[in-house]
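# Structural overview for review
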Amino acid sequence: MRTALTIAGSDSCGGAGIQADIKTMTCNGVYAMSAITALTAQNTTGVTGIMDVPPEFLAEQIRTTVTDIFPDAVKIGMVSSAALIQVIAQAIRYFSFRNVVADPVMVATSGARLISEDAIRSLKDELLPLADVITPNIPEAEALCGMSICCAKDMEQAAKTLHEAFGAAVLVKGGHNLNDANDFLFDGTEGTWFYGERIQSSNTHGTGCTLSSAISANLAKGESLKDAVLHAKEYISHALSAALNLGHGSGPLFHNYMLSEKKQRN
């Protein structure tokens, strides 16, 4: 079985972060492993607390895991301090990780800020240049490339600018009231639009984590980058459409919707 490692923060309500990553990777057919960067106290209405793990312990989690079961892909999510980013960058270089998908998580769906200014600088200088794929949403892309994104042409320019800055393929994710969930991928050679229908749902907690984890799982299985993104978008569309109504705020996706569909058929 192919394997994937997620390096990210824990979400105590299970809709985003490590919990969403493990669900997504499992449902997309790979064995999921994790190294936790931070504990968060949060629910569908917001984040009330963040506690980073010590950098030495994050390094130990990664080392212990990958020296026993080496990952076919690595997804990196929320990393809120510069010291933790440095640990991850060192691990990528030392272990020569492949299929590294970096989701530059800066703000939660609820609007809570998840990363310091210091960490953003470290992210840009040390981590993103080591990634194979970067998956920013529009606000994250704006913060990383210093431009406003107001239309499809801006998304294309932002993806190219970020590729020039970091050398990775870049998937700029639409939505955020800009388009109907259309995403633009620039791999350094050509650009590809992935079109999606906007799904009217308030249950969007963890969509970014879920998409990047699905891409990681698909890359781990040997899919091309374009196929990995296409199939990840198909998965997230189903998980959104399944309408799992939990919580009093922005609810989680129905990550294992296919199990419910199977049960109904039986």
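Keep in mind that what you see is a predicted model, and the values were worked out from it rather than measured.

### Quick notes on the overall build of the protein chain
The secondary structure content of the protein chain amounts to nine helices and nine strands. Against the globule reference of 18 Å for 266 residues, the protein chain gives a C-alpha radius of gyration of 17 Å, in line with a compact fold. The buried share among the 266 residues of the protein chain stands at 53%. Across the protein chain, every contact between residues at least 6 apart in sequence was considered, and the portion connecting residues at least 24 apart equals 68%.

### Comments concerning helix H2 (residues 55-66)
Here H2 is twelve residues long and its end C-alpha atoms lie 17 Å apart, about the 16 Å a rise of 1.5 Å per residue gives. Of all the residues in H2, the buried ones are Leu 58, Gln 61, Ile 62, Thr 65 and Val 66. Taken end-on, H2 shows its buried residues confined to a sector of 100°, consistent with a single buried face. The inward-facing, buried residues of H2 abut strand S1 (3-11), strand S2 (31-43) and helix H3 (82-95).

### Digging into the pattern of salt bridges
Here the structure, examined in full by the defined rule, presents six salt bridges. We note a salt bridge from Lys 75 to Asp 21, for which the minimum N-O separation is 3.0 Å. Of this pair, Lys 75 sits in strand S4 (residues 73-76) while Asp 21 sits in helix H1 (residues 17-27), and the two are 54 residues apart along the sequence. A residue is classified by how much of its surface remains accessible, and Lys 75, at 0% relative accessible area, is buried. Between Lys 233 and Asp 183 there is a salt bridge, with its nearest N and O atoms 3.0 Å apart. With Lys 233 in helix H8 (residues 225-241) and Asp 183 in strand S8 (residues 183-186), this pair connects stretches of sequence that are 50 residues apart. By the burial criterion, Lys 233 is buried, and Asp 183 matches it.

### Some remarks on the sheet that holds strand S9 (residues 191-194)
Taken in spatial order, the nine strands of this open sheet run S3-S2-S1-S4-S5-S6-S7-S8-S9, and their pairing is mixed. Each end of this open sheet is capped by a strand with a single partner; those strands are strand S3 (46-52) and S9. In the sheet, strand S5 (residues 100-102) pairs with strand S6 (residues 133-134) via two bridges, with the strands oriented parallel. When the sheet's bridge partners are listed, Val 101 is paired in S6 with Val 133.

### As for the packing of aromatic side chains
Considering all chains together, one arrives at six aromatic pairs under this definition. Each ring, one from Phe 95 and one from Phe 97, has its centre 5.6 Å from the other, and the planes form 15°; the classification is stacked. Assessed through its relative accessible area of 9%, Phe 97 is described here as buried.

### A closer look at the nonpolar core
Of all hydrophobic cores here, the largest spans 46 residues; its most connected members are Ile 7, Leu 58, Ile 62, Ile 76, Ile 88 and Phe 97. When residues in this core are grouped by element, the largest group, seven residues, is from H3. Aside from chain neighbours lying at most four places away, what touches Ile 88 is Ile 7, Thr 37, Leu 58, Ile 76, Val 79 and Leu 127. By size, the runner-up hydrophobic cluster in this structure holds 20 residues, among which are Val 101, Ala 169, Val 229 and Tyr 235.

How each quantity is defined
Residues numbered from 1 in each chain as written. Predicted model: local features only at pLDDT ≥ 70, side-chain atom pairs only at ≥ 80, totals over all residues. Heavy atoms only, no water. Helix = DSSP H or I, 4+ residues; strand = E, 2+ residues; numbered from the N terminus. Rg over C-alpha atoms; globule rule 2.2 N^0.38 Å. Buried < 20%, exposed > 50% of the residue type's maximum accessible area, 1.4 Å probe, protein only. Contact = heavy atoms within 4.5 Å. Expected span 1.5 Å × (residues − 1). Arc of directions from axis to C-beta. Salt bridge = Lys/Arg side-chain N within 4 Å of Asp/Glu carboxyl O. Pairing = 2+ DSSP bridges. Phe/Tyr/Trp six-rings, centres within 6.5 Å; stacked < 30°, edge-to-face > 60°. Core = buried A, V, L, I, M, F, W, Y, C linked by side-chain atoms within 4.5 Å.

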